[in-house]
Amino acid sequence: MNCYFFISLLFLAAQASCLCLQDFLQTGEKGDFFVTENQKMISLILIREKINDELIFEEISLPEEKKPTISWQDWIEKNAPGNISWQIFSLNLSTHKIDKCYSFTEETFLQLQEDTLLLPKLSILSLNLVPKEQRKKIGPPPPPGEIDRRGIFFPSCIIEGKPYKGTFEVYRGIWPKDGSPFADKIFDFYFAKNQAFPFWIHIDAGHITIMFRVIDTGKRMISPKPFPFLFQQK
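Residues numbered from 1 in each chain as written. Predicted model: local features only at pLDDT ≥ 70, side-chain atom pairs only at ≥ 80, totals over all residues. Heavy atoms only, no water.

A.B. asks: Tell me about the overall build of the protein, and name the residues and values.
C.D. replies: Scanning the protein from N- to C-terminus turns up five helices and 13 strands. Expressed as a percentage of contacts within the protein between residues at least 6 apart in sequence, the contacts between residues at least 24 apart total 55%. Split by element, the accessible area of the protein, about 12700 Å² in all, is 52% carbon and sulfur. (Helix = DSSP H or I, 4+ residues; strand = E, 2+ residues; numbered from the N terminus. Contact = heavy atoms within 4.5 Å. Areas by Shrake-Rupley, 256 points an atom, 1.4 Å probe, with all protein chains shown as cover.)

A.B. asks: Provide a residue-level description of the side chain of Ser85, including the pertinent values.
C.D. replies: Within the secondary structure, Ser85 is located in strand S4 (residues 85–92). At 3.4 Å, the side chain of Ser85 and the side chain of Gln87 are in polar contact. (Polar contact = N/O pair within 3.5 Å; in protein donor to acceptor, adjacent residues only side chain to side chain.)

A.B. asks: Quick one: what's the story with the pattern of salt bridges, residue by residue and with numbers?
C.D. replies: Throughout the structure, instances matching the rule amount to seven salt bridges. Across the pair Lys219 and Asp32 runs a salt bridge, and its minimum N-O distance is 3.3 Å. Residue Lys219 is located in the segment after strand S13 (208–218), and its partner Asp32 is located in the loop between helix H2 (21–25) and strand S1 (33–38); the two are separated by 187 residues in the primary sequence. Judged by its relative accessible area of 11%, Asp32 is buried. Across the pair Arg48 and Glu58 runs a salt bridge, and its minimum N-O distance is 2.2 Å. In this pair, Arg48 sits in strand S2 (residues 41–51) while Glu58 sits in strand S3 (residues 54–63), placing the two residues 10 residues apart along the sequence. Here Glu58 falls in the buried class, since its relative accessible area comes to 1%. (Salt bridge = Lys/Arg side-chain N within 4 Å of Asp/Glu carboxyl O. Buried < 20%, exposed > 50% of the residue type's maximum accessible area, 1.4 Å probe, protein only.)

A.B. asks: If you had to explain the pairing of strand S5 (residues 97–103) to someone new, which residues and values would you point to?
C.D. replies: Counting buried positions along S5 yields five of seven residues, so the element is predominantly enclosed. Across six bridges, the pairing between S4 and S5 is antiparallel. When the bridges of S5 are listed, Ile88 appears paired with Tyr102. Where S4 hands over to S5, the hairpin turn is made up of four residues, of which His96 adopts a positive phi near 60°. Of the pairings in the sheet, the one linking S5 to strand S6 (residues 108–109) comprises two bridges and is antiparallel in character. The partner of Ser103 across the bridge, within S6, is Thr108. (Pairing = 2+ DSSP bridges.)

By themselves, these are just geometric observations and shouldn't be taken as functional.
Right, here's the structure in full:
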């Protein structure tokens, strides 16, 4: 089920002091969207509506080779040709749970199993600001005893079709020792200034490194899909 990627991604976000993900998400506006790329798959995520204590998202997924050559707004207006999954779901900001998920592709509501989405622990993962001297550097480390003169790593990103030239803040969290595959793993989140979503997520999983990145973002996107009636009910 392709909505798992973004539903999981939603809860891989920064908390510092008393902040949590919903504090960042609530700064987003209806029509805001971002596009992620991971393992040869692309997902466009759109804030469809903000209703009381719910944020409602659409997620459209497609293979990397089907990436459109037109703007993302033109692409969605043409009913997102090449997509393999188109879903809408609501995030309850009071309970931190996914209340409803509807598949436009399958034309049915989907039953999500919370334990497979890892929502409880992801939603409470505490993150701290990473000092510059501890941030990821470019290139291999110097030999012992030598001064580290490497530059700090900055991910490339696009905001509203233009390269972002500003700074990033990096937050780090450590997964609790719970016996899961993520136990004791380090998560680094790269946030551009005034952005509600991380542009780069680096997960140090020991022998392997997992990375998620945002390749574009923008505003004022309009979905051509009808709004499912049950999403309007409280």
